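Listed here are the chains, written in short residue letters.
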Amino acid sequence: MNLIKKGDKAAIVCCSNGQDKSAEDTVRRLCEKLQQIGLIPVLGDFIYKKEYGRSGTARERADSLMNFYRNDEIKVIFDISGGDLANEILPYLEFDEIAGKDKLFFGYSDLTTIINAIYVKTNRQSVLYQIRNFVYQYSGRQMIDFCDSMMGESDKLFNFSYHFHQGQEMKGIIVGGNIRCLLKLAGTTYFPDCKGKILFLEAFSGSASRIITYLSQLEQIGAFSEISGVLLGTFTELCGEGEEPVLAAELVRDCIGTNIPIAYTKEIGHGPDSKALCIGQYYDLKKRGRI
């Protein structure tokens, strides 16, 4: 993983839904937090919501992102958005250029679409993590863990505990993210090849019936065929905020049977205390319970 250092410039973009104007203070405070750890935040031109929830057209948002990839002074890119619109920009991204740049893209939720597309098209890692955690209730710990992991030699931000629901080991490159948003890639050239992979899934919204439909679609498009295992993050509406996703694990087992390993963690997802996961990185999870 490419580490960053104090004095580096960090881009802030919104590839999914634009931020409400009421979030200007949150964005300002985030910039201050980044400055506190020694980074220089650079805001993209398309941050705040305009028509249809967009901060700009698909082409404008894609060009904004690509300009940060092309700018060698920018060392890391943080997407602070979420919602519904990120997959709209995929046809306008220049993946050959992204492949040639050694910089990490951070985002979560709807940015699952871009993160997996980057891995599929470039074989590069991205980080499933929302940098806005710097301004929420666990701000202090998040900032320390980020600095220690991205500017030092610790792995606190990426070190998460987990439990096996069935099986005792899974290993492989991790793909996936938010289950609803991952399914937007179904039938496209951006959907990851899951063979031999660990498939990570989490969700903010979704009752049991909705999660069942998502899992059924994944099964029907062959996503569970020949995978190494399924790792589950938090399922906020289904299991409750801060709760272990045991129910989600049971729904997965109902869908895929008992032969594929299933593990879960309550430390990765939409919570403000969430840790980070590297999509495109090789993981070896054993029943000892902590990566």
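Everything below is about the structure printed above this text.
The structure reproduced in this document is the subject of the present report. (Residues numbered from 1 in each chain as written. Predicted model: local features only at pLDDT ≥ 70, side-chain atom pairs only at ≥ 80, totals over all residues. Heavy atoms only, no water.)

**Digging into the overall build of the protein**
Turning to step 1, where the next piece is worked out: Each helix and strand counted, the protein has 9 helices and 12 strands in total.
Turning to step 2, where the next piece is worked out: In terms of C-alpha radius of gyration, the protein reaches 18 Å, essentially the compact-globule figure of 19 Å for 291 residues.
Turning to step 3, where the next piece is worked out: Looking at the protein as a whole, 55% of its 291 residues qualify as buried.
Turning to step 4, where the next piece is worked out: In the protein, of all internal contacts separated by at least 6 residues, the share reaching a separation of at least 24 is 79%.
Turning to step 5, where the next piece is worked out: About 12,100 Å² of surface is accessible on the protein, with carbon and sulfur atoms providing 44% of the total.
Turning to step 6, where the next piece is worked out: Taken as two groups, the 34 positive and 37 negative side-chain charges of the protein have centres that lie 2 Å from each other. (Helix = DSSP H or I, 4+ residues; strand = E, 2+ residues; numbered from the N terminus. Rg over C-alpha atoms; globule rule 2.2 N^0.38 Å. Buried < 20%, exposed > 50% of the residue type's maximum accessible area, 1.4 Å probe, protein only. Contact = heavy atoms within 4.5 Å. Areas by Shrake-Rupley, 256 points an atom, 1.4 Å probe, with all protein chains shown as cover. Lys, Arg positive; Asp, Glu negative; His and termini not counted. Charge placed at Lys NZ, Arg CZ, Asp CG, Glu CD.)

**Let's talk about helix α1 (residues 24-36)**
Turning to step 1, where the next piece is worked out: In this model α1 runs 18 Å from its N-terminal to its C-terminal C-alpha over 13 residues, within 8% of the 18 Å that 1.5 Å per residue would give.
Turning to step 2, where the next piece is worked out: Considered for burial, the residues of α1 that qualify are Val-27, Leu-30, Cys-31 and Leu-34. The buried side chains of α1 occupy one side of the element, clustering within an arc of 100° when seen end-on.
Turning to step 3, where the next piece is worked out: Among the structural elements, β1 (9-13), β2 (40-43) and β3 (74-79) are those in contact with the buried residues of α1. (Expected span 1.5 Å × (residues − 1). Arc of directions from axis to C-beta.)

**Considerations on the nonpolar core**
It is characteristic of soluble globular proteins that their nonpolar side chains tend to be buried jointly.
Turning to step 1, where the next piece is worked out: Residues Phe-146, Leu-201 and Leu-232 are the most contacted members of the largest nonpolar core, which totals 101 residues.
Turning to step 2, where the next piece is worked out: Considering each element in turn, this core owes the most residues, 6 residues, to helix α2 (residues 58-70).
Turning to step 3, where the next piece is worked out: Excluding its chain neighbours within four sequence positions, the residues that come into contact with Leu-232 are Phe-200, Leu-201, Pro-245, Ala-248, Ala-249, Val-252, Ile-262, Ala-263, Tyr-264 and Thr-265. (Core = buried A, V, L, I, M, F, W, Y, C linked by side-chain atoms within 4.5 Å.)

**Considering the sheet that holds strand β4 (residues 104-107)**
Turning to step 1, where the next piece is worked out: Read from one edge of the open sheet, 6 strands run β2-β1-β3-β4-β5-β11, paired in mixed fashion. Lying at the two open borders of the sheet, with one neighbouring strand each, are β2 and β11 (277-279). Sheet twist, expressed as the average angle between the axes of neighbouring strands with direction ignored, equals 30°.
Turning to step 2, where the next piece is worked out: As paired elements, β1 and β3 share 5 bridges and run parallel to each other. Across the sheet, the residue bridging to Lys-9 is Ile-74, located in β3. (Pairing = 2+ DSSP bridges. Axes fitted to C-alpha atoms, helices over the stretch in contact; angles between N-to-C directions.)

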